[in-house]
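# Residue-level structural notes
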Amino acid sequence: MRGQLIAHRDDETLYSVMARLARYLAIGETGNLHRSLFGRDVPVLDGMATNLTLVVGSGVFGEIEIADVALEWTTLPYHVRYAHPARREAVIDKMRRGGAVAATSLGVAAHHLEEGVLKFCPACIEEMSELHADPWWRRSHQLPAVRACPDHGDPLRLSTVTSAMRRNGYHAASSHTCPPNSEEIEVGSAGSATRRDHLQIARSADRLLDARDELHPDDVRESYLSRLQTAGLLNRLGEADVGKIAGAMDRYWGDTLRSWQQLHENGRCSQRWLGRLLLGEHRSPALHHLLLQGLLEALDGN
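A short tour of the structure in this document, coming up. (Residues numbered from 1 in each chain as written. Predicted model: local features only at pLDDT ≥ 70, side-chain atom pairs only at ≥ 80, totals over all residues. Heavy atoms only, no water.)

## Section: the overall build of the chain
Our working definition: Note on conventions: DSSP H or I runs of at least 4 residues are helices, E runs of at least 2 residues are strands, and numbering of each starts at the N terminus. This radius of gyration counts C-alpha atoms alone. The globule rule is 2.2 Å times how many residues there are, raised to the power 0.38. Under the scheme applied here, a residue whose accessible area is under 20% of the maximum for its type counts as buried, over 50% as exposed, and between as partly exposed, the area being computed with a 1.4 Å probe on protein chains only. Contacts were defined at the residue level, with two residues in contact if any of their heavy atoms lie within 4.5 Å. For the area figures, the Shrake-Rupley method with a 1.4 Å probe applies, and any residue is considered shielded solely by the protein chains shown. Counted as positive: Lys and Arg. Counted as negative: Asp and Glu. His and the chain ends are not counted at all. For this purpose, a charge sits on NZ of Lys, CZ of Arg, CG of Asp or CD of Glu.
Across its full length, the chain holds 14 helices and four strands. In terms of overall dimensions, the chain is globule-like: its C-alpha atoms have a radius of gyration of 20 Å, near the 19 Å expected for 302 residues. Across its three principal axes, the chain shows a C-alpha extent of roughly 65 × 45 × 30 Å. A total of 302 residues make up the chain; the buried ones form 52% of that total. For the chain, contacts bridging at least 24 residues in sequence account for 68% of all contacts bridging at least 6. When the accessible area of the chain is evaluated, it comes to approximately 14,100 Å², of which 48% is carbon and sulfur surface. A distance of 4 Å separates the average location of the 34 positive side-chain charges in the chain from that of its 39 negative side-chain charges.

Quick look at the structure:
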């Protein structure tokens, strides 16, 4: 075991820590970097990274538990928040040992796990640069549902770092990878309902990263159905009236749903994802839960 070489920063991804370390050590070739640090090559430590037993055991990051890295340095808590316990444990086991954590591990489509291009907030980059010599990639910005910064409310921007680039190596946040003229993600105009909605979703998603209490998806669904019953959105059989709920989603979220093509079809809220969320197996991504919870909170307040 070697001594600690680098310290983790607030809301930083494991990929970002490795990118900064690669730059500090001036080791550009990923395989050489891994062999130098861990004794052998491993897949790039990105997203819900694997081989954490080897990585943490190296001592490169100091004395830290595998669970702490999984829960605080990756997007794992967001993605498994509403998953069945068996699926959750299977993913964590893969992260400890090795083997790719594919979307099929959680039973969701691949685009619900990670987006292709790393995202950043210019205001965050500026604040980071005042505290440290270099900025970093934030976990909360990389969640696929998040299009606005949960702290500043500004639209996130697309960096130059694509998924293909990440698969082949580490690219640190910098003025080069986070240029000031980069493309803004569409979240509506300043002061619009759509922008407020995206800020609400970003902050709700950010809170999931810090959630540590255990939920069982059966209990979550029962809570949803109870609240939908109070709102008059169950049918005569006591089941979710997906058509009515879709209409309520349209009225509450409005144009914001258009941000996700698979959720908004033919000019209205799609019933398919609501049906899977409320009637199917427990495989819906966190975004679907956040959208329903936003509606229910509004209905609870009426």
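## Digging into the pattern of salt bridges
Heads up, the rule is: Take a side-chain nitrogen of Lys or Arg and a carboxyl oxygen of Asp or Glu: if they are within 4 Å of each other, that pair is a salt bridge.
Counted according to the given criterion, the structure contains 16 salt bridges. With a closest N to O distance of 2.7 Å, Asp46 and Arg166 form a salt bridge. Pair noted here: Asp46 is in the loop between helix H2 (30–38) and helix H3 (52–57) and Arg166 is in helix H9 (residues 163–168), with a separation of 120 residues, a long-range link. You can call Asp46 partly exposed: its relative accessible area is 24%. Take Arg166: its relative accessible area is 5%, and that puts it in the buried class.

## Looking at a nonpolar patch on the surface
Convention followed: What makes a patch is a set of residues exposed beyond 30% relative accessible area and free of salt bridges, joined within 9 Å when like-charged and within 5 Å when nonpolar (Val, Leu, Ile, Met, Phe, Trp, Tyr).
Together, Leu5, Tyr24 and Leu25 make up an exposed nonpolar region whose accessible area comes to about 250 Å². Note on placement: Leu5 falls in the segment before helix H1 (14–25). Judged by its relative accessible area of 34%, Leu5 is partly exposed.

## Focus: the nonpolar core
Basically, it comes down to this: Here, nonpolar core refers to any group of buried Ala, Val, Leu, Ile, Met, Phe, Trp, Tyr and Cys residues whose side-chain atoms link them within 4.5 Å.
Counting residues in hydrophobic clusters, the biggest one holds 84 residues, and the most contacted among them are Tyr78, Ile245, Met249 and Leu291. Sequence-distant contacts of Ile245, that is, excluding residues within four places in its chain, are made with Leu228, Leu233, Ala240, Leu274, Leu278, Leu292 and Leu295.

## What to know about helix H12 (residues 242–253)
Using the following cut-off: Any helix carries an expected span of 1.5 Å times its number of residues minus one. What the arc measures is the spread of directions leading from the helix axis to the C-beta atoms.
An ideal rise of 1.5 Å per residue puts 16 Å on 12 residues; H12 measures up with 16 Å between its terminal C-alpha atoms. Among the residues making up H12, those that are buried are Val242, Ile245, Ala246, Ala248, Met249 and Trp253. Down the axis, H12 shows its buried residues gathered within 160° of arc, on one side only. Structurally, H12 contributes buried residues whose contacts are with helix H10 (193–210), helix H11 (217–230), strand E4 (268–269), helix H13 (271–279) and helix H14 (286–301).

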